[in-house]
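Reading the structure
Below, each chain spelled out in residue letters.
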Amino acid sequence: MKFCPRCGYFVNGKKNCSKCGYNSVKLLSSRIPNSKTGIIISLIAIVIVAIFFATTLSANNLDDSQIVDSDMDFEIPLDIIVPVKSNNQLVQFALEQVNDDREKHGVPPVNLGNNSAAQKHSDDLLEFDYFSHWNSEGVKPYVTYTLFGGRGNVAENISYFFSECPTSNCISSVVDPIKNIESLHYMMMYDDADSDWGHRDTIIDPHHTHVNFGIAYDDDNFYFVQHFETNIIEWNKIELINNELEMVGKLPDGFSIMHIEIYSDDNPQTLSGKTLNEESPYNQNHYDQGELVGMFLEPLPVNNFYEECEVGKIITNDEFGNTNCIHYVIFDNNGVYSNEIDISINVSEWLDSDKLHTMHIILNNKHNERVDATSITLEYLK
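Read on for an overview of the structure. (Residues numbered from 1 in each chain as written. Predicted model: local features only at pLDDT ≥ 70, side-chain atom pairs only at ≥ 80, totals over all residues. Heavy atoms only, no water.)

Another aspect to go through is the overall build of the chain. In terms of helices and strands, the chain carries 7 helices and 17 strands. Each of the 382 residues in the chain was classed as buried or not, and the buried ones make up 48%. When contacts within the chain are restricted to residue pairs at least 6 apart in sequence, those whose partners lie at least 24 apart make up 68%. Carbon together with sulfur atoms contributes 46% to the accessible area of the chain, which is approximately 18800 Å² in total. (Helix = DSSP H or I, 4+ residues; strand = E, 2+ residues; numbered from the N terminus. Buried < 20%, exposed > 50% of the residue type's maximum accessible area, 1.4 Å probe, protein only. Contact = heavy atoms within 4.5 Å. Areas by Shrake-Rupley, 256 points an atom, 1.4 Å probe, with all protein chains shown as cover.)

Bringing the pairing of strand E4 (residues 153–162) into the picture now. Among the 10 residues that make up E4, 9 are buried, leaving the element largely enclosed by the rest of the structure. Across 10 bridges, E4 lies against strand E6 (residues 221–230) in antiparallel orientation. Looking at the pairing, Ser159 lines up with Phe224 of E6. (Pairing = 2+ DSSP bridges.)

Before going further, it helps to spend a moment on unusual backbone geometry. Peptide bonds are, in most cases, trans, and in most cases residues other than glycine have a negative phi. The amide bond that connects Ser280 to the next residue, Pro281, takes the cis arrangement and shows omega of 5 degrees. Mapped onto the elements of the fold, Pro281 is located in the loop between helix H6 (273–278) and strand E10 (291–297). Positive phi values are uncommon outside glycine, yet Asn242 reaches one of about 50 degrees.

Glancing now at helix H2 (residues 117–128). Taking 1.5 Å as the rise per residue, H2 with 12 residues should run 16 Å; its terminal C-alpha atoms sit 16 Å apart, in good agreement. Residues of H2 that are buried: Ala117, Ala118, His121, Ser122, Asp124 and Leu125. Along the axis of H2, the buried positions cluster into a sector of 160 degrees, meaning they face one direction only. Along its buried surface, H2 packs onto helix H3 (141–147), E4, strand E5 (210–217) and E6. Directly beyond the C-terminal end of H2, a positive phi value near 55 degrees is found at Asp129. (Expected span 1.5 Å × (residues − 1). Arc of directions from axis to C-beta.)

What follows concerns the sheet that holds strand E14 (residues 340–346). Here we have 3 strands laid out as an open sheet, ordered E7-E8-E14, and antiparallel in their pairing. Strands with a single pairing partner mark the edges of an open sheet, and in this sheet they are strand E7 (234–241) and E14. Ignoring strand direction, the axes of neighbouring strands in this sheet form an average angle of 5 degrees. Bridge count between E7 and strand E8 (residues 244–250): 7 bridges; the pairing is antiparallel. Residue pairing for E8: Lys237 is matched across the bridge by Val248. (Axes fitted to C-alpha atoms, helices over the stretch in contact; angles between N-to-C directions.)

Moving on to the packing of helix H1 (residues 87–104) against helix H4 (residues 177–190). Where H1 contacts H4, the two axes come as close as 10 Å, and the packing angle between them is 25 degrees. As the angle between them shows, H1 and H4 are arranged roughly parallel. Of the two elements, H1 crosses H4, and the hand of that crossing is right-handed. Judged by residue contacts, Leu90, Phe93, Ala94, Gln97, Val98, Asp101 and Lys104 of H1 engage Pro177, Ile178, Ile181, Glu182, His185, Met189 and Tyr190 from H4. Residues of the contact of H1 with H4, tallied by class, amount to 9 nonpolar, 2 polar and 3 charged. (Parallel < 35°, antiparallel > 145°, perpendicular 65-115°, else oblique. Left-handed = near helix turned anticlockwise from the far one by under 90°. Nonpolar A, V, L, I, M, F, W, Y, C, P; charged D, E, K, R; others polar.)

This brings us to the pairing of E8. Burial of E8 is one-sided: the residues Leu245, Met247 and Gly249 facing one way are buried, the residues Glu244, Glu246, Val248 and Lys250 facing the other way are not. Connecting the antiparallel pair E7 and E8 is a turn made up of 2 residues, with Asn242 showing a positive phi of about 50 degrees.

The next subject is the packing of aromatic side chains. If you walk through the whole model with that rule in mind, you get 9 aromatic pairs. Ring centres 6.0 Å apart and planes at 5 degrees place the aromatic pair Phe213 and Phe224 in the stacked group. Here Phe213 is found in strand E5, whereas its partner Phe224 is found in strand E6, with 11 residues between them in sequence. By relative accessible area, Phe213 is classed as buried at 7%. On the numbers, 6.0 Å between centres and 65 degrees between planes, the contact of Tyr306 with Tyr328 is edge-to-face. (Phe/Tyr/Trp six-rings, centres within 6.5 Å; stacked < 30°, edge-to-face > 60°.)

The next subject is the nonpolar core. One finds Leu245, Met247, Phe296, Met359 and Leu363 to be the most contacted residues of the largest nonpolar core, which totals 29 residues. Looking at this core, the elements with two or more residues in it are E7, E8, strand E9 (256–265), E10, E14, helix H7 (348–351) and strand E15 (356–364). Non-local contacts of Met247, meaning those with residues more than four positions away in its chain, are made with Trp235, Lys237, Ile238, Ile260, Ile341, Asp342, Ile343, Ile345, Met359 and Ile361. (Core = buried A, V, L, I, M, F, W, Y, C linked by side-chain atoms within 4.5 Å.)

Turning our eyes to something else, we now look at the side chain of Lys313. Structurally, Lys313 is set in strand E12 (residues 313–317). Taking relative accessible area as the criterion, Lys313 reaches 19% and is therefore assigned buried.

This next bit is on H4. An α-helical turn contains 3.6 residues, so a residue and the one three or four places further along point in the same direction. Across its 14 residues, H4 extends 20 Å between first and last C-alpha, which sits within 8% of the 20 Å expected from 1.5 Å per residue. Among all positions of H4, only Pro177, Ile178, Asn180, Ile181, Leu184, His185, Met187, Met188 and Met189 are buried. For H4, the N-terminal cap is Asp176; the gap from its side-chain oxygen to the backbone nitrogen of Ile178 is 3.2 Å. (Polar contact = N/O pair within 3.5 Å; in protein donor to acceptor, adjacent residues only side chain to side chain.)

A few words on the pattern of salt bridges. Applying the stated rule across the entire model yields 10 salt bridges. One salt bridge in this structure joins Glu246 and Lys237, with 2.5 Å as the shortest N-O distance. By relative accessible area, Glu246 is classed as partly exposed at 21%. When its relative accessible area of 30% is taken as the criterion, Lys237 is described as partly exposed. Bridged by salt links that share partners, the residues Lys140, Asp265 and Asp288 form one connected network. (Salt bridge = Lys/Arg side-chain N within 4 Å of Asp/Glu carboxyl O.)

Written out as structure tokens, the structure is:
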């Protein structure tokens with residue numbers, strides 16, 4: 001149930017008040033540069049503010065219904081009952097919303113994944129009352145994704161409703177999670193211009209194969225998290241043993257390894273909801289992959305060499321034109337066939353530092369497009 005904050009008129013869930021025209025639903029987000037290189041992850045944060053006002057009514061002045069305004073031509077029932085849906089039903093509804101829009105845009109449907117990181121994040125958002133891609137342990141989505149067994153690449157969308165009316169003054173049982181999921185998904189798909197369409201592009205990315213949802217709410221807040229996975233490498237083994245990274249798997253037809261990137265992030269640290277809401281970079285409406293600190297490269301043909309800036313370091317350029325000098329390692333792929341992965345790399349140089357390190361295996365597809373196939377935090381492979 002929603003009342004116009006300007007005139008008090010009952011707006012019955014509509015965006016605009018039919019009496020005074022006030023818009024009671026607001027979209028808050030920042031414009032984030034759209035990046036196709038994987039260095040910057042497009043904005044995956046959207047906030048919808050639903051403002052609820054409760055009208056104090058005297059029971060002595062009511063008969064069989066609560067009349068909000070004598071000029072109104074409808075009545076509000078005393079008991080507002082929203083059908084209770086199980087979490088599985090909510091997840092299935094969210095999956096239908098995603099796949100309906102993917103079909104409209106001509107891309108294959110995604111399957112429901114089994115990684116718990118999205119639900120963990122939504123529960124954390126609700127418990128500690130914040131809105132950020134980082135969680136209360138100070139880590140980004142791909143770190144938690146790896147912790148819960150993720151071995152592909154993950155991209156996060158987060159969104160929420162909140163009420164400015166204290167629960168004690170609001171009419172209870174008006175939260176409708178189905179409608180909230182529908183509204184939040186719609187706005188990420190069709191009202192996302194301020195975010196450079198980053199949410200929409202994540203939802204309809206043709207390389208995504210799976211999605212996991214996080215749904216958490218109380219009487220005042222509703223949090224909705226989407227984790228889209230790219231699971232295209234068929235892993236037989238991916239382990240870190242005594243600083244030796246061992247990877248055995250199979251690529252899909254038409255794909256080849258371009259190179260492997262290593263990014264660093266700060267170690268986990270406990271953060272308060274206040275810090276996450278108010279301090280940079282946690283309160284920014286996007287997250288990046290961290291700092292590029294290493295690359296794994298395949299050998300070049302005989303008499304060809306990578307350009308070094310220092311011994312054991314290679315020159316790289318990001319999409320902003322910045323030149324970097326980073327460590328690199330040459331690896332051999334011992335797979336028998338071209339689509340096989342059989343790689344062993346010593347990564348002690350990175351693991352000895354006081355940071356987290358996330359590995360992105362970058363593939364080329366048959367259209368020579370870059371595809372990020374993993375976002376695996378190495379420290380959580382131990």
